[in-house]
Every structure is written in structure tokens, then in C-alpha cells.
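Structural features, examined
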Amino acid sequence: GGHGGCAKNEEEEATGSEEDLGSSRGSGVCKWFNVRMGFGFLSMTNIDGTPLEETLDVFVHQSKLHMEGFRSLKEGEAVEFTFKKSSKGLESVTVTGPGGAQCVGSEKRPKGQQKRRSKGDRCYNCGGPDHHAKECQLPPQPKKCHFCQSISHMVANCPIKAQQSSPGAQGTALSLRDEEEEQSHAPFPPRESYD
């Protein structure tokens, strides 16, 4: 007879059994996130599928974020998560984007933890100082020496860099890394062939 709705109820009970472990599902947005400290808060707008009257703050640590590479959240990005009550209040256990997707993350990166950047460390594509070629929004630009911005040679042959780089492991290590990045971000032929 009327057993049509049964399967649905059983499923709900099955997923509801997580609550025995004290974790619930919520969804909402990132309220704020400190990329340097690696934590922030979520504003929960729904709990177990039910809209909340007023949003609740849920603590989030970067280690709980479902994403690859540098883990962070962007303020206002939509999130789904499981959380539990802890000494800190509500604390997220796992955090994903909508539908279990990876989190978007912040474009910001911690300032303090970066290796000290040399003056020549710019985007190899457009020469901008605050990002690298793989993050560059512009189409591939003519290759320039990213040390002195001349298009007649690459950094490996840069006479100015040669004068400035002091001997010692530091200098060679840096230029090696630059070389590798140059090659790995260079899908277009060397400059010389355009003359």
C-alpha cells in the first residue's frame, strides 16, 4: 500500500545517525578568514536543512577545508560543513563548497610566511609585482628579462643581474629557481624567432 514515502524517511534516519557523534550539517557563508593565522568563522544560515532565524558563528580552521594547495576561505563564499560543539562553541569538522565541491579560497596569501622575495621576483608574464605568471590575468605577453624588463635577453643572460648577483649559493639557487619557472610558464616560443 502506501509505502512510497518510507525510503525517504529511512534515509533521513540513516544520515541523522551522525548526530550521535555530536556533529550536525550546516550551510552558510564564510564570515571572515585570517589567512595568516589559518582560521576564521563561518556564518551558518541553515542547520540540517532548516533555515535559522539568526545566523550562528562556527569556528573554522584551515586544516578542515576541502581543497587542494593553500587552504583558505574567501569572505562571503558559500560553504557547506559538518560541525560539532566544542569548548570554543561551534567548531567545523569538515568544510566544502556547495554540493561538496572544493572551497574557493581567498586570493590573499600570508605576507609573513613567504620566502623573502627578491626585487626581480615579479610576474614573468606582465611584470606585475604582486603575483606570479600562473596567477596572471593577462594573455601571454612578449617575454622580457624579468630582472631588468628588457626584451632583448632572458634573465639568464642579463648583464645587469650578472653584475648585481653576488657569488655564493644564495645567488645560484635563486637564479636556478627563476630559470625553472621561466621554462614552465613559457608556452610561447623564444623571443628571438620573432625578429
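Residues numbered from 1 in each chain as written. Predicted model: local features only at pLDDT ≥ 70, side-chain atom pairs only at ≥ 80, totals over all residues. Heavy atoms only, no water.

By the naming in an unreviewed UniProt entry, the protein chain is Protein lin-28 homolog A, taken from Oncorhynchus tshawytscha.

**So, the pattern of salt bridges**
Counting across every chain of the model gives three salt bridges. Asp57 is the salt-bridge partner of Lys31, the closest N and O atoms lying 2.9 Å from each other. With a gap of 26 residues between them, Lys31 in strand S1 (residues 23-34) and Asp57 in strand S3 (residues 50-61) connect regions that are remote in the sequence. By relative accessible area, Lys31 is classed as partly exposed at 37%. Given a relative accessible area of 35%, Asp57 falls into the partly exposed group. For Lys74, the salt bridge goes to Glu107, with nearest N and O atoms at 3.7 Å. With Lys74 in the loop between S3 and strand S4 (78-86) and Glu107 in the loop between strand S5 (89-96) and helix H2 (159-164), this residue pair connects regions lying 33 residues apart in the sequence. Overall, the relative accessible area of 33% leaves Lys74 in the partly exposed class. (Salt bridge = Lys/Arg side-chain N within 4 Å of Asp/Glu carboxyl O. Helix = DSSP H or I, 4+ residues; strand = E, 2+ residues; numbered from the N terminus. Buried < 20%, exposed > 50% of the residue type's maximum accessible area, 1.4 Å probe, protein only.)

**Side note on the side chain of Ser106**
The residue Ser106 is located in the loop between S5 and H2 in this model. In this structure Ser106 touches Val35, Ser72, Leu73 and Lys74, once residues within four positions along its chain are discounted. (Contact = heavy atoms within 4.5 Å.)

**Side note on the side chain of Ser24**
Here Ser24 shows up in strand S1. Overall, the relative accessible area of 15% leaves Ser24 in the buried class. The contact partners of Ser24, leaving out residues within four places of it in the chain, are Asp48, Phe81, Thr82 and Phe83.

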